[in-house]
Amino acid sequence: MEALNKTIYYHEETKHHPHRLARSLGYLDWANQPNPFRFWEGCERIDLPLLKDPSHPYEALYDYRKVNTEKFTLESISKFLELALGLSAWKAIPGSRWSVRMNPSSGNLHPTEGYLIIPHLGNLEGVFHYNPFLHALEKRASLPPELSRRIKDFFGSEGFIFILTSIPWREAWKYGERAYRYCLLDTGHAIGTLRFSANLKGWKVKYLSGLSDKELNLLLGFDRVSWIEGEEEFPECAFFVFPKEIEDVPRTLPEEVIREFEKVRFYGRPNVLSKERVIWEIIYEAIEDTEKPRTEEFKVIYGNLPLLNIVPSYMSAEEVIRKRRSGMAYDGKTYINAELFVHALDKTIPRDGFSPFDVEITPTFVNLFIFVHRVKGLRRGLYCFVRNERMLEELKRNTSPEFIWEKVYEDFPLYLLYEGDFREIAGYVACQQDIASDSAFSLGMISLFEPVINKNPWLYRHIHWEAGLVGHVLYLEATAHNLNGTGIGCFFDDVMHELLGIKTRKFQDLYHFTFGKAVEDPRIQTIEPYFHLRKKGL
């Protein structure tokens with residue numbers, strides 16, 4: 001009960017309000033801006049080849065049946081990592097240059113890191129950190145052949161374990177106490193990039209739901225790392241990546257296999273990210289309170305609703321991944337067709353056997369409340385897209401009695417709640433940001449909250465992952481149709497709740513997103529992602 005109360009306390013304390021934002025420094029300490037790249041010093045480095053992209057149809061992002069299965073080789077894993085967590089470009093203005101990655105991040109601060117446990121696949125074996133700056137694997141440990149065999153035998157398949165971690169300081173440097181929320185949302189986006197990239201190799205990805213955070217620390221050797229205070233790295237979630245021909249795999253690892261990692265020798269030390277750090281105690285308390293124990297593994301069945309592929313994209317799947325960018329400003333005039341609106345929303349519905357939700361991180365808890373500004377064929381107004389139709393009556397009971405809940409289409413769970421011009425309100429709720437009012441539509445992701453975390457506070461993380469994953473689908477849908485998206489982490493939580501008539505913590509707002517036509521800044525130069533490696537001959 002104490003962990004639950006403290007998790008709720010963290011959530012309440014880190015809400016933004018019109019009269020007071022969540023606590024942060026209030027300024028940017030540029031002298032101590034964290035290094036956005038983690039290097040493990042003193043490790044063997046395996047440089048990965050930068051290969052030409054294959055070209056799969058846009059639909060292959062979701063449907064692995066359109067892709068031939070590739071074997072696990074240095075080359076296939078290299079391309080998988082590049083499209084999952086690699087650099088997509090550098091941006092530059094006179095006097096400044098910064099990288100953009102396949103996985104989006106709040107403030108482009110990138111708290112998320114990726115690790116692979118490879119049990120003797122081809123010429124690769126060991127525990128590795130993926131370094132996106134170098135496009136290289138940093139080998140932190142070797143695996144004994146017997147341990148590799150036990151992992152393969154347990155899963156009944158060739159494959160590897162992928163673990164995502166977070167470094168909260170990278171976000172806290174700018175955002176203070178609210179940073180933990182952003183780490184979780186960023187993890188959700190990274191789950192999306194992993195899953196989409198794996199799909200293009202003909203690989204499935206499943207969440208290892210039974211494992212505890214302590215066990216992930218053991219698998220990564222983090223229990224033996226001397227972290228600099230304030231620069232600690234925390235495990236988020238682990239996945240098994242395997243060929244699509246395999247029907248299913250276990251969602252855990254035996255405790256006796258995990259204990260074998262206590263005997264494995266780990267190498268390397270983490271680089272220093274900042275000269276000085278600010279310790280936001282509430283973040284580390286929230287991490288402790290939402291720590292996941294070892295549990296029974298679980299699987300999620302969503303159903304096999306057919307995909308509504310009603311608006312084609314002429315980009316390849318790889319182009320869509322590479323071209324994704326966050327819009328910084330929107331033109332305030334571009335309309336989209338209702339068909340595209342429906343097409344994009346449909347991709348956020350979880351389905352068995354279609355990425356990205358088939359990773360099965362959680363049942364469907366997040367529904368979308370949408371401010372429709374410029375959608376041809378739809379009236380301006382406030383809408384609800386019910387991703388989990390079993391929640392429909394609960395949503396009606398817990399929102400404003402003034403909402404009309406008029407179903408827009410017979411066979412699609414979109415409801416008009418209130419007709420009118422919500423552009424000014426949408427911008428105000430999103431911390432008075434015009435990007436939420438100048439787009440075609442913007443939305444808030446409202447999750448079932450207290451009933452979810454009541455018995456398991458660690459599910460606080462999962463509902464944020466789900467929100468981030470929904471956001472990533474919308475990013476790719478915007479990109480695929482020559483538009484833009486932007487994840488919005490700054491919003492007035494309780495103002496949104498008041499607008500919707502939400503009066504309890506049964507439902508809570510977790511994330512906002514906007515979708516439309518962005519205005520490009522002509523001053524910003526785009527540079528190819530790995531020019532620095534070619535320039536140095538690395």
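You'll find the structure just up there.
Conventions used here
- Residues numbered from 1 in each chain as written.
- Predicted model: local features only at pLDDT ≥ 70, side-chain atom pairs only at ≥ 80, totals over all residues.
- Heavy atoms only, no water.
- Buried < 20%, exposed > 50% of the residue type's maximum accessible area, 1.4 Å probe, protein only.
- Helix = DSSP H or I, 4+ residues; strand = E, 2+ residues; numbered from the N terminus.
- Contact = heavy atoms within 4.5 Å.
- Pairing = 2+ DSSP bridges.
- Axes fitted to C-alpha atoms, helices over the stretch in contact; angles between N-to-C directions.
- Parallel < 35°, antiparallel > 145°, perpendicular 65-115°, else oblique.
- Left-handed = near helix turned anticlockwise from the far one by under 90°.
- Nonpolar A, V, L, I, M, F, W, Y, C, P; charged D, E, K, R; others polar.
- Phe/Tyr/Trp six-rings, centres within 6.5 Å; stacked < 30°, edge-to-face > 60°.
- Lys NZ or Arg CZ within 6 Å of the ring centre and 35° of its normal.
- Core = buried A, V, L, I, M, F, W, Y, C linked by side-chain atoms within 4.5 Å.

This next bit is on helix α8 (residues 281-289). Burial in α8 covers these residues: Ile 282, Ile 283, Tyr 284, Ala 286, Ile 287 and Asp 289. Tucked into the core, α8 has its buried residues touching α1 (2-13), α4 (168-175), α5 (179-199) and β10 (234-243).

With that settled, consider the sheet that holds strand β7 (residues 136-141). Strands belonging to one sheet form pairs held by backbone hydrogen bonds; the direction of such a pair is parallel or antiparallel. The strand order across the open sheet formed by seven strands is β2-β7-β6-β5-β8-β10-β9, and the pairing between neighbours is antiparallel. Sheet topology places β2 (44-47) and β9 (203-207) at the edges, where each strand pairs with a single neighbour. Pairs of neighbouring strands in the sheet enclose a mean axial angle of 30°, with direction left out of account. In this structure, β9 lies alongside β10, joined through five bridges in antiparallel fashion.

This next bit is on the packing of α5 against helix α14 (residues 459-480). Axis separation between α5 and α14 bottoms out at 7 Å; the angle between their running directions is 55°. One way to sum up the angle between α5 and α14 is to call them oblique. In this structure, α5 crosses over α14, and the sense of that crossing is right-handed. Listed contacts from α14 to Tyr 180, Arg 181, Leu 184, Leu 185, Thr 187, Gly 188, His 189, Ile 191, Gly 192, Thr 193 and Phe 196 of α5 are Tyr 460, Arg 461, His 464, Trp 465, Ala 467, Gly 468, Leu 469, Gly 471, His 472, Val 473, Tyr 475 and Leu 476. Here the contact of α5 with α14 is composed, by residue class, of twelve nonpolar, nine polar and two charged.

Relative to the elements of secondary structure, Glu 215 occurs in helix α6 (residues 213-220). Contact partners of Glu 215, with chain neighbours within four places excluded, come to Gly 210, Glu 255, Ile 258 and Arg 294.

Per the stated rule, a full pass over the model turns up 37 aromatic pairs. Between Phe 449 and Tyr 460 the ring centres are 6.1 Å apart and the planes differ by 75°, which places this aromatic pair in the edge-to-face class. Of this pair, Phe 449 sits in the loop between β18 (441-448) and α13 (450-453) while Tyr 460 is found in helix α14, placing the two residues eleven residues apart along the sequence. Tyr 460 sits in the buried class, given a relative accessible area of 1%. Three or more aromatic residues joined by ring pairs make a cluster, and in this case those are Phe 37, Phe 39, Trp 90, Phe 133 and Phe 531. The ring centre of Phe 354 lies 4.8 Å from the NZ or CZ of Arg 65, which sits over that ring. Sitting over the face of the ring of Phe 491, Arg 178 holds its NZ or CZ atom 4.8 Å from the ring centroid.

Strand β15 (residues 381-385) sits mainly inside the fold: five of its five residues count as buried. Pairing of β15 with strand β17 (residues 412-419) involves five bridges; the strand directions are antiparallel. Note on β17: the bridge partner recorded for Tyr 383 is Leu 416.

A general trend in soluble globular proteins is that nonpolar side chains are found buried together. Phe 160, Phe 162, Phe 341 and Ile 370 are the most contacted members of the largest nonpolar core, which totals 145 residues. If you tally residues by element for this core, the top one is α14, at 13 residues. By size, the runner-up hydrophobic cluster in this structure holds 30 residues, among which are Ala 141, Leu 208, Val 225 and Phe 261.

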